[in-house]
Amino acid sequence: MPRLIILGAGGHAKVVADSAVATNQYDEIAFLDDGFPTRQRHLDWPVIGKVSNWQEYANQADFAIAIGDNKARLSFYQELAAAGQCLPNIIHPTAVISPYADLGRGNVIFANAVVNPGCIIANAAIINTAASIDHDCTLADAVHISPGTRLAGSVNVGKLSWLGIGSTVIQGISIAENTQTGAGAVVTQSTNPNLLYVGIPAKPVKAID
């Protein structure tokens, strides 16, 4: 069985590693984190170098990018993909992924998440614990769907967007690039880019980088 090297060793990385263990596909898991060499372990697994040292392990392992910041995660994904590295989807075995959904590379899908038929998930996305992506949704690169978030059918989520925990998006809505929603937001109208939306119904409250 192959080795998995995870970039980043924060809380999100714990869930990536735990999901990878649950797949029974890896006999060795290790982290790269900028806390090295002060940090030597992360739960049961070794920290073996800094994130920038990934080239030392090129073509020797699968890679997962466990970095919550969407822009940073996409940057590392593009760097590793351009170098021809293996970036599998890490999918917890309790997640339900329709065989009629289309997944790119480098995505992580956690326990009890659902991705229904007709969905297109691009690359480097996070579909977090118990999130639900209903039929015919499209998620662009480096999207983060937080725990318990619900997308109704035919929702489009633009690149780098982050839907906060427990958000709800009604059917047919377009979430623009680099949109964020606050916890529990209910999105009933399509959004504009580079804005944070909060409330029920969700309204823009400030610009974001």
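You'll find the structure just up there.
Read on for an overview of the structure. Treat the numbers as computed from the prediction; the structure is a model and nothing was measured.

## Side note on the packing of aromatic side chains
Next up, step 1: If you walk through the whole model with that rule in mind, you get 2 aromatic pairs.
Next up, step 2: Where Trp54 meets Phe63, the ring centres are 6.0 Å apart and the plane angle is 85 degrees; that geometry is what we call edge-to-face. Comparing Trp54 with Phe63 shows no difference in burial state: the two are buried.

## Regarding the sheet that holds strand E2 (residues 28-32)
Next up, step 1: Taking strand neighbours across the sheet as the criterion, the 5 strands line up as E3-E4-E2-E1-E5 in an open arrangement whose pairing is mixed. At either end of the open sheet lies a strand with only one pairing partner, and these are strand E3 (41-42) and strand E5 (62-65).
Next up, step 2: Here strand E1 (residues 3-7) pairs with E5 via 4 bridges, running parallel. For Ile5, the partnering residue across the bridge sits in E5 and is Phe63.
Next up, step 3: Each of E1, E2, E3, strand E4 (45-49) and E5 touches helix H1 (residues 11-23); the most contacted strand, E2, lies at about 165 degrees to it.
Next up, step 4: Strands E1 and E5 of the sheet are contacted by helix H2 (residues 70-82), whose axis makes an angle of about 160 degrees with E5.

## Considerations on the nonpolar core
Soluble globular proteins tend to bury their nonpolar side chains together.
Next up, step 1: The biggest cluster of nonpolar side chains holds 26 residues, and the ones touching the most others in it are Ile127, Ile133, Leu139 and Leu151.
Next up, step 2: Excluding residues that lie within four positions of it along the chain, Ile133 makes contacts with Val114, Val115, Asn116, Cys119, Ile127, Leu139, Ile145 and Leu151.
Next up, step 3: Among the nonpolar cores identified, the runner-up in size contains 18 residues, and Ile6, Val16, Ala66 and Ile90 belong to it.

## Overview of the sheet that holds strand E11 (residues 120-121)
Next up, step 1: Reading across the sheet, the 5 strands line up as E8-E11-E14-E17-E20 and stay open at both edges, with parallel pairing between neighbours. A strand with exactly one partner marks an edge of an open sheet, and here the two such strands are strand E8 (102-103) and strand E20 (174-175).
Next up, step 2: Pairing geometry for E11 and strand E14 (residues 138-139), over 2 bridges, is parallel. Considered in E14, the bridge of Ile120 is made with Thr138.

## Points about H1
Next up, step 1: With 13 residues, H1 should reach 18 Å at 1.5 Å per residue; the first-to-last C-alpha distance of 19 Å fits that figure.
Next up, step 2: Those residues of H1 that fall on the buried side of the exposure criterion are His12, Ala13, Val16, Ala17, Ser19 and Ala20. The arc that holds every buried residue of H1, seen down its axis, measures 160 degrees, which confines them to one face.
Next up, step 3: With its phi angle positive at about 60 degrees, Asn24 sits one or two positions after the end of H1.

## Re empty space enclosed by the protein
Next up, step 1: Taken as a whole and assessed by the stated rule, the structure comprises 1 cavity of 30 Å³ or more.
Next up, step 2: Reported here for the largest cavity is a volume of approximately 40 Å³.
Next up, step 3: If you trace the largest cavity, you find it lined by Phe63, Ala64, Ile65, Pro88, Ile90, Gly106, Asn107 and Val108.
Next up, step 4: Looking at which element gives the most residues to the lining of the largest cavity, the answer is E5, with 3 residues.
Next up, step 5: Of the residues assigned to the lining of the largest cavity, the class counts are 6 nonpolar, 2 polar and no charged.

What counts, and at which threshold
Residues numbered from 1 in each chain as written. Predicted model: local features only at pLDDT ≥ 70, side-chain atom pairs only at ≥ 80, totals over all residues. Heavy atoms only, no water. Phe/Tyr/Trp six-rings, centres within 6.5 Å; stacked < 30°, edge-to-face > 60°. Buried < 20%, exposed > 50% of the residue type's maximum accessible area, 1.4 Å probe, protein only. Pairing = 2+ DSSP bridges. Helix = DSSP H or I, 4+ residues; strand = E, 2+ residues; numbered from the N terminus. Contact = heavy atoms within 4.5 Å. Axes fitted to C-alpha atoms, helices over the stretch in contact; angles between N-to-C directions. Core = buried A, V, L, I, M, F, W, Y, C linked by side-chain atoms within 4.5 Å. Expected span 1.5 Å × (residues − 1). Arc of directions from axis to C-beta. 1 Å grid on protein atoms, 1.4 Å probe; cavity = no way out; pocket = protein on both sides within 12 Å on 5 of 7 lines; lining within 4 Å. Points joined across faces, edges and corners; volume = space filled by probe spheres on them. Nonpolar A, V, L, I, M, F, W, Y, C, P; charged D, E, K, R; others polar.

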